[in-house]
Amino acid sequence: MVYLVIVLATLSRFIPHAPDFSPVYGALLFGGANLKKRDSIWFTAISLGASDIALAKFVYHFGVAWGELIQIAAFVSIAMIGWVLQKRFSIGRLAFACLAAPTAFYLISDFGAWLEFGNFPHTWKGLVACYVAAIPFQGRITVSTVLFSVILFGSQQIYASRMEHRKHSQALAR
């Protein structure tokens, strides 16, 4: 089921949506929390890498370059942050992950944009200017991370609670 959540979130990138507002971030946190660590890395890399290449080539008509590897690393970092939710889930840990994931994505992906595209000089000031230019996009990314994480993890917690209640009720009925 977790793989399906990630695939559906990845496919949602091909549907018109508000810029920088996507279920992908929450789905990757969910995958990181629920898949084996190794699986959360390779599945994220393949699914998001393939969708990035398809979007670049067929939707945006861009070429694909080495910077795509940095973008994939940014997506993988989100799944890795989900690992903090594997052993022990709490609202505090989820809040941390919901803030850390878009922050890691921002730092890694914008570093890649600075290296690859040449819109900013390859100096410390150029890197800072690149990060500053990307700040306006962070609000929607963070809100979508929180929203979709709450939906996915909340649904999982409700389901687990219902299953536990059902198991308890069946045990009492015996």
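Calculation criteria
Residues numbered from 1 in each chain as written. Predicted model: local features only at pLDDT ≥ 70, side-chain atom pairs only at ≥ 80, totals over all residues. Heavy atoms only, no water. Helix = DSSP H or I, 4+ residues; strand = E, 2+ residues; numbered from the N terminus. Buried < 20%, exposed > 50% of the residue type's maximum accessible area, 1.4 Å probe, protein only. Contact = heavy atoms within 4.5 Å. Areas by Shrake-Rupley, 256 points an atom, 1.4 Å probe, with all protein chains shown as cover. Lys, Arg positive; Asp, Glu negative; His and termini not counted. Charge placed at Lys NZ, Arg CZ, Asp CG, Glu CD. Salt bridge = Lys/Arg side-chain N within 4 Å of Asp/Glu carboxyl O.

Undergrad: I'm lost on the overall build of the protein chain in this one. Help?
TA: Counting its regular elements, the protein chain contains 6 helices and 0 strands. C-alpha extents for the protein chain along the principal axes are approximately 70 × 30 × 30 Å. Taking all 174 residues of the protein chain together, 40% fall into the buried category. Long-range contacts, defined as pairs at least 24 residues apart, comprise 71% of the intrachain contacts of the protein chain with a sequence gap of at least 6. Total accessible area on the protein chain stands at roughly 10200 Å², and carbon and sulfur atoms take up 70% of it. Between the mean site of the 14 positive side-chain charges and the mean site of the 7 negative ones, the protein chain shows a separation of 14 Å.

Undergrad: What exactly am I supposed to notice about the pattern of salt bridges here?
TA: A side chain of one charge can pair with a side chain of the opposite charge if their charged atoms are brought near each other. Counting across every chain of the model gives 3 salt bridges. Across the pair Arg140 and Asp20 runs a salt bridge, and its minimum N-O distance is 3.5 Å. Residue Arg140 is located in helix α6 (residues 124-173), and its partner Asp20 is located in the loop between α1 (2-11) and α2 (24-34); the two are separated by 120 residues in the primary sequence. The exposure class of Arg140 is partly exposed, given its relative accessible area of 35%.

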